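Residue-level structure breakdown
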Amino acid sequence: MALTKQQIRDRSAEMLGFNPIRQPLESNIASRIEQAYDEIYEILKEEGLAIWGSSGNVPNKLAPFVIYLVAQNCISLGTTPERISIINIGAQEATSNIRRYVTPDYASQEEAKDY
């Protein structure tokens, strides 16, 4: 099951330390995280890595990486130093992990020749 834009927003908020399940996000926080999602989507689209539509659902295998990127984009909303560290570490590898999942593996179908 793929994640919706709202689910990505909520999980990014959780990563930042907000709890949208217990208490609804303030509108300015929710809109900032949604804006971050749109920005990340556009960056990934330009790199040919967004394999879903802008209003479509993010595939499960890519969702954790998108969540890290969105959360990193929103660090300015405020969070703990520990969370910042975790988010930055996850975001550092997120784009390369997305690329690994999205880029086809062009392994040769020919058998190795022994010369």
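The following refers to the structure shown. Computed from a predicted structure; not experimentally measured.

This part covers the nonpolar core. Among the nonpolar cores identified, the biggest contains 32 residues, and Ile8, Trp52, Val66 and Ile98 are the most heavily contacted of them. Mapped by element, the contributors of at least two residues to this core are helix 1 (5-16), helix 2 (27-46), helix 3 (63-73) and helix 4 (81-102). The greatest single-element share of this core, amounting to eight residues, is contributed by helix 2. Leaving out residues up to four positions away in the same chain, isoleucine 98 has contacts with Leu44, Leu49, Leu62, Phe65, Val66 and Leu69.

On to the packing of helix 1 against helix 3. Where helix 1 contacts helix 3, the axes come no closer than 9 Å and their chain directions differ by 60°. One finds that helix 1 runs oblique with respect to helix 3. Where helix 1 crosses over helix 3, the two elements pack in a sense that is right-handed. Taking contact as the criterion, the partners of Ile8, Arg11, Ser12, Met15 and Leu16 in helix 1 are, on helix 3, Ala63, Val66, Ile67, Tyr68, Val70 and Ala71.

This part is about the environment of alanine 71. With respect to the secondary-structure elements, alanine 71 resides in helix 3. Placed 55 residues apart in sequence, alanine 71 and leucine 16 show a C-alpha to C-alpha distance of 6.4 Å. Beyond its immediate stretch of four places on either side in the chain, alanine 71 contacts Ser12, Met15, Leu16 and Ile87.

The next subject is the packing of helix 1 against helix 2. Close contact between helix 1 and helix 2 brings their axes to 10 Å; oriented N to C, the two are set at 115°. One finds that helix 1 runs roughly perpendicular with respect to helix 2. As helix 1 packs across helix 2, the resulting crossing turns out to be right-handed. Contacts between helix 1 and helix 2 pair Lys5, Ile8, Arg9, Ser12, Ala13 and Leu16 from the former with Ala30, Ile33, Glu34, Tyr37 and Asp38 from the latter. Of the residues assigned to the contact of helix 1 with helix 2, the class counts are six nonpolar, one polar and four charged.

Here the focus is the pattern of salt bridges. In this structure the tally under the stated criterion is four salt bridges. Where aspartate 10 meets arginine 9, a salt bridge forms, and the shortest distance between an N and an O atom there is 3.0 Å. The residue arginine 9 makes a salt bridge to glutamate 34 at a minimum N-O spacing of 2.7 Å. You can see arginine 9 sitting in helix 1 and its partner glutamate 34 sitting in helix 2, a full 25 residues away along the chain. Among the residues examined, glutamate 34 registers a relative accessible area of 29% and is labelled partly exposed. Several salt bridges converge on common partners, so that one network encompasses Arg9, Asp10 and Glu34.

Reading guide: rules and limits
Residues numbered from 1 in each chain as written. Predicted model: local features only at pLDDT ≥ 70, side-chain atom pairs only at ≥ 80, totals over all residues. Heavy atoms only, no water. Core = buried A, V, L, I, M, F, W, Y, C linked by side-chain atoms within 4.5 Å. Buried < 20%, exposed > 50% of the residue type's maximum accessible area, 1.4 Å probe, protein only. Helix = DSSP H or I, 4+ residues; strand = E, 2+ residues; numbered from the N terminus. Contact = heavy atoms within 4.5 Å. Axes fitted to C-alpha atoms, helices over the stretch in contact; angles between N-to-C directions. Parallel < 35°, antiparallel > 145°, perpendicular 65-115°, else oblique. Left-handed = near helix turned anticlockwise from the far one by under 90°. Nonpolar A, V, L, I, M, F, W, Y, C, P; charged D, E, K, R; others polar. Salt bridge = Lys/Arg side-chain N within 4 Å of Asp/Glu carboxyl O.

Spatial relationships are all this shows, so hold off on functional conclusions.
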